[in-house]
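If you want the building blocks of each chain, they are given just below.
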Amino acid sequence: MNLPDTPSSPVTGLGKQADEIIDEETEWIDFVDEFDTDRFERRDRYPDWHTATPFPRMFLAYVWAKTEDISLTTIPDQLEANPELATAMGFDLDDLPSESTFKPTRLDGRRFEEL
């Protein structure tokens, strides 16, 4: 994982939970296994019946991309190149979401803007 050069205290729920999980040895697969998305899913703007990719997968991919400075629209390609991580996040390698699913306007501007 890319860790910042200067330590700081997390101020968000996401940051606090990540701080409890992450150390110098933490790999993304370890983080994904331990991270609890339930506390954030309650605030998901997409209703349960919506046909969108399930919240935990999308949120974990979003956090991963933002942390690793990966362009959101390249997430499908990046997941394909990291099959173990994609599987840990809950994605089916034979049915990864399209690039349009990860458009910044859909994620930054709508689904995850308040998380």
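Counting from 1, residues in each chain are numbered in the order their sequence is written. Under the rules for a predicted model, residues below a pLDDT of 70 receive no local features and side-chain atom pairs below 80 are neither given nor counted, while totals for whole chains, interfaces and linings still include all residues. The side-chain figures draw on all heavy atoms in the structure; neither hydrogens nor water molecules are used.

J.: Any chance you could explain the overall build of the protein here in plain terms?
T.: For helices the rule is a DSSP run of H or I covering at least 4 residues; for strands it is a run of E covering at least 2, with both sets numbered from the N terminus onward. Scanning the protein from N- to C-terminus turns up seven helices and zero strands. From first element to last, N terminus to C terminus, the protein shows the α and β order α-α-α-α-α-α-α. Only protein chains enter the area calculation, which uses a 1.4 Å probe; residues under 20% of their type maximum are buried, those over 50% are exposed, and those in between are partly exposed. Within the protein, the fraction of its 115 residues that count as buried is 33%. Note on contacts: a residue pair qualifies if any of its non-hydrogen atoms lie within 4.5 Å across the two residues. For the protein, the proportion of contacts with a sequence separation of at least 24, taken over those separated by at least 6, is 57%. Summing over all exposed atoms, the protein offers an accessible surface of approximately 7300 Å²; the carbon and sulfur share of this is 43%. Computed by Shrake-Rupley with a 1.4 Å probe, the accessible areas treat only the displayed protein chains as cover when residues are assessed.

J.: Any chance you could explain the confidence of the model for the protein here in plain terms?
T.: In low-pLDDT regions, the fine details of the predicted coordinates are not to be read closely. As a per-residue measure, pLDDT tells how confident the predictor is, with possible values from 0 to 100. Confidence in the prediction of the protein, expressed as mean pLDDT, is 80, and 69% of residues score 70 or more. When the elements of the protein are averaged for pLDDT, helix 7 (residues 104-111) gives the smallest value, 60, and helix 6 (residues 83-89) the largest, 96.

J.: What am I meant to see in the packing of aromatic side chains here?
T.: Each aromatic pair joins two rings of Phe, Tyr and Trp (for Trp, the six-membered one) with centres within 6.5 Å, and gets the label stacked for planes under 30 degrees apart, edge-to-face for over 60, and tilted for any other angle. Tallied over the full model, the rule gives three aromatic pairs. Between the aromatic rings of Trp28 and Phe31, the centroid separation amounts to 5.3 Å while the plane-to-plane angle is 85 degrees, which identifies the pairing as edge-to-face. In this pair, Trp28 and Phe31 are both assigned in helix 2 (residues 28-34), three residues apart and thus about one turn of the helix distant. For the residue pair Trp28 and Phe31, the accessibility class agrees, reading buried in each case. Taken together, the ring pairs in this structure connect Trp28, Phe31, Phe35 and Phe59 into an aromatic cluster.

J.: Before we go on, may I ask you to explain unusual backbone geometry in this structure?
T.: What you tend to see is this: most non-glycine residues have negative phi, and most peptide bonds are trans. Phi angles above zero are rare outside glycine, and Asp69 is one such case at about 60 degrees. Here Asp69 lies in the loop between helix 4 (55-67) and helix 5 (75-81). A relative accessible area of 73% places Asp69 in the exposed class.

J.: Looking at this structure, how should I read helix 1 (residues 13-21)?
T.: For helix 1, the complete set of buried residues consists of Gln17, Ala18 and Ile21. Take helix 1 and look down its axis: the buried residues cluster within an arc of 100 degrees, on one side only. Arc definition: it is the arc formed by the directions from the helix axis to the C-beta atoms.

J.: Hey, could you run me through the nonpolar core in this one?
T.: Side chains of nonpolar character tend, in soluble globular proteins, to be buried together. Here, nonpolar core refers to any group of buried Ala, Val, Leu, Ile, Met, Phe, Trp, Tyr and Cys residues whose side-chain atoms link them within 4.5 Å. Formed by 26 residues in total, the largest nonpolar core has its most connected members in Phe31, Phe35, Trp64, Ile75, Leu79, Met89 and Phe91. Among the secondary structure elements, those contributing two or more residues to this core are helix 1, helix 2, helix 4, helix 5 and helix 6. If you tally residues by element for this core, the top one is helix 4, at nine residues.

J.: Just to check I follow, could you spell out the side chain of Thr37 for this structure?
T.: Residue position: Thr37 is located in the loop between helix 2 and helix 3 (38-41). With residues near it in sequence (within four places) discarded, Thr37 still touches Phe55, Pro56, Phe59 and Leu60.

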